[in-house]
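# Secondary and tertiary structure notes
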Amino acid sequence: MTTPPGDESDGALTGAASTRSRWRRFSPSMGWRAFWSEIVIVVLGVAIALAANEAVQDWTWNNKVKDAETRLQGDIAWAFLWAAEKSASQPCIDAQLAAMARNVLESGDVLKPMPVVTSPDLQFVVRMPNRPYRFPVWDALLADGTASHFSTQRQALFGRISDGMATSLTFEMETRRIGGNLLLMRDPIALDPVVRADLLTNINNLRSLTAIEGLNAKQRMRVIADAGIAPPDEMVERFLNAAGKNASGADFSGMTQFCMARGLTVADWRDYRKLPTMNILYPGAGLAK
């Protein structure tokens, strides 16, 4: 049977009305304009909340960084003071070791005993600084994530100082070991070629270590001074304690007084200023300030 044209038209209209009815069924009750206004308000509210939260976090981290910079000053001061002591005393240490080497070479079959220097708890035949070479605040800042919020240049600066202190500690452990071996020279031991060669090897190893550390100390002072965070000269002089007004120990050095009393050369700790400026990022990057 053929469907009358009128019937086809009615079916089409009925289908269109059904489609429009289903679309209206999903329309918000308050209307589309009000609906999208609500969406925009919600999105803006979320964006503002996120931005406020980020601002609070930035403010918190900035305060933590400022506090960390303050706490780092103590470690930086000690790093500089210990480096000044190491640099100033290096010629004195080398002179002591050179005298020990001559004694080994000039002794006959029996070693002429070296004089022993005695402190309240230690004995040694060569006097050297004995420092912990640590940088604990920066290690703590790395552990709690604060270090990552420092500027790139400050991270490079403090990272370099920290690495240098770790290297100095490694050298310190080795110099203590060799210095302990050389205590053998306080006794009139028999010298054969093997013993003589062993003593000279230890002495020359120690001379090399102290020379390298003397240069490292100057470079560390140069980096710290170029960053504008070196302690004042008066503090360095007071620590080096050349006049011996204070008992040597953790707070004051005894090296300068020891060396001067024996007529041994002491370098000027300010010699680090003769070194060229050292970039902490890469050549040509400029100084960290």
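Here we summarise the structure given alongside this text. (Residues numbered from 1 in each chain as written. Predicted model: local features only at pLDDT ≥ 70, side-chain atom pairs only at ≥ 80, totals over all residues. Heavy atoms only, no water.)

With that settled, the discussion passes to the overall build of the chain. Looking only at helices and strands, the chain features seven helices and two strands. From first element to last, N terminus to C terminus, the chain shows the α and β order α-α-β-β-α-α-α-α-α. In the chain, which comprises 289 residues, the proportion classed as buried is 36%. Carbon and sulfur atoms make up 58% of the accessible area of the chain, which totals about 16,700 Å². (Helix = DSSP H or I, 4+ residues; strand = E, 2+ residues; numbered from the N terminus. Buried < 20%, exposed > 50% of the residue type's maximum accessible area, 1.4 Å probe, protein only. Areas by Shrake-Rupley, 256 points an atom, 1.4 Å probe, with all protein chains shown as cover.)

Let's shift gears to the state of the cysteines. Enumeration according to the criterion identifies one disulfide in this entry. A sulfur-sulfur separation of 2.0 Å characterises the disulfide bridge that pairs cysteine 92 with cysteine 259. Residues cysteine 92 and cysteine 259 share a disulfide whose torsion about the S-S bond is about -90 degrees; that sign makes it left-handed. Within this pair, whereas cysteine 92 is found in helix α2 (residues 32-106), its partner cysteine 259 is found in helix α7 (residues 255-261), the two being separated by 167 residues in sequence. Each of the two residues, cysteine 92 as well as cysteine 259, counts as buried. (Disulfide = S-S within 2.5 Å.)

Attention now goes to unusual backbone geometry. The residue tyrosine 133 is not glycine, and still its phi comes out positive at about 45 degrees. Take tyrosine 133: it is sitting in the loop between β2 (123-124) and α3 (136-144). With phi around 60 degrees, asparagine 241 is a residue other than glycine that occupies positive phi space. Its location among the elements puts asparagine 241 in the loop between α6 (233-240) and α7. Residue classification places asparagine 241 among the buried residues on the basis of a relative accessible area of 4%.

Don't take any of this as a statement about function, it's just geometry.
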